[in-house]
Structure formats: C-alpha cells, structure tokens
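Architecture and fold: a report
Chain residues, written in single-letter form:
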Amino acid sequence: KPTQILTDEHRITQRVLGAVEKLAEGPVAALEPWKKALDFIRNFADKCHHFKEEKVLFPAMEAHDIPTEGGPIGMMLMEHEEARSYVGVMFAALSLVETGNQAAKESLVSSAQSYCRLLREHIQKEDDVLFRMADEVISAEEQKKLSAAFAQHEAEEMGAGVHEKYLKIAAELEGAAE
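A few points on the structure.

What counts as what
- Residues numbered from 1 in each chain as written.
- Predicted model: local features only at pLDDT ≥ 70, side-chain atom pairs only at ≥ 80, totals over all residues.
- Heavy atoms only, no water.
- Phe/Tyr/Trp six-rings, centres within 6.5 Å; stacked < 30°, edge-to-face > 60°.
- Helix = DSSP H or I, 4+ residues; strand = E, 2+ residues; numbered from the N terminus.
- Buried < 20%, exposed > 50% of the residue type's maximum accessible area, 1.4 Å probe, protein only.
- Disulfide = S-S within 2.5 Å.
- Polar contact = N/O pair within 3.5 Å; in protein donor to acceptor, adjacent residues only side chain to side chain.
- Contact = heavy atoms within 4.5 Å.

Take the packing of aromatic side chains next. With the rule as written, the count across this model stands at 3 aromatic pairs. Seen in terms of ring centroids, Phe40 and Phe44 are 4.8 Å apart; in terms of plane orientation they differ by 25°. Their pairing is stacked. Of the two residues, Phe40 and Phe44 both sit in helix H2 (residues 32-63), 4 residues apart, roughly one turn of that helix. Here the two residues Phe40 and Phe44 agree in accessibility, since each one is buried. A centroid spacing of 6.4 Å and a plane angle of 45° characterise the contact between Phe44 and Tyr166, whose relative ring orientation is tilted. In this pair, Phe44 sits in helix H2 while Tyr166 sits in helix H6 (residues 162-177), placing the two residues 122 residues apart along the sequence. With a relative accessible area of 1%, Phe44 lands in the buried category.

This is how it looks when you write it as structure tokens:
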C-alpha cells in the first residue's frame, strides 16, 4: 500500500532525525555528518518522500473529498513548507560554518532542533491520522496505481539506486551517532 511505503520511509527518516538530534547536542565540529544529514533531508525526505505525498497521495485523497484547504492535507502542506525553510537555514548556516563563521553554528543547531521537533510531530500526524484516512477512502485498485506512481517517480526523477544510497546514508549517520 502507498501509505505503508510512506510509513516505512518515515521510520528511515526518524533514524536520521535521531542522528541529527545527537549532532545538535555536541559542539559542531566535523561537518561531514551534517552534510550527509542535509543531503538525506533535502533529497530523500523532501524530493522523494514529500513529492510522493504532495503530487500523488494528497491529490488522490482530495479526489475522495478530503479537503486540502482547512483540512489535514493543508496542514501537512504547510508543515512541509515550514520544514523546507528550516532546511534552507541549515544549508546556509553550514556554508557559513565552512568559511569559519562560528556564530553560524548556533543557527545550524537551533534550526536542526526545530526541524527535528517539527518532523517528529508531523510524522506522527501523518501515520496516525492522515494515512488512516487515505486507507479508508482509497480503493485497493487505486492504491496499486498510487504505488506504481511512487515507483515511477523514484525511477524517473530520483534515479536507479538513489533510494538505496539514502538507506546507506541513514545507516551511516545512525552508526556515527551511537
């Protein structure tokens, strides 16, 4: 089911959030883990995962009379945009840290903490509320089509092996955070 695919991706994302939370606890020293985490967040969590929600699942839900405006889909879309703004700040701060700007470390850490808080709450809402709604209104036949659209997006837009690359990055970050 498409909602199970998205839920599985949430578990992977939560592993990376845990690693980012650990990075944000200590002094910002090694930048490579931060770069990997931001790469994962921008490409796996946003370009791959959020794309599936925004361009495939949410329109299917809307077609079954679950409103975007003023409804749970609208809230999820707003949270996706809020998450993107935190990610933008993190990328900018990381670039400044690379040039030796020590003050940018605080911005990187505080944006990372805010992003992690937002995403953890966001994932819980999708898993516990939104995806259940989707499963109730979308037929098994239509769900197969949505799953196929997910696979097509990964193949055409993300590229072969990209999903696996991000699974590996998640494992590396999780291992480094322990």
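So that's the structure; there's more coming.
A full pass over the atoms with the stated rule returns 0 disulfides. Its sulfur unpaired, Cys48 is 19 Å from the next cysteine sulfur, which belongs to Cys116. The buried category is assigned to Cys48, whose relative accessible area is 3%. A relative accessible area of 1% means that Cys116 is categorised as buried.

Right, let's get into the side chain of Lys52. Within the fold, Lys52 resides in helix H2. Within the local environment of Lys52, its side chain forms a polar contact with the side chain of Glu154, the two groups lying 2.5 Å apart. When residues no more than four places from it in sequence are discounted, the contact partners of Lys52 are Ile5, Leu6, Glu9, Leu57, Phe150, His153 and Glu154.

Taken by themselves, the reported measurements are silent on function.
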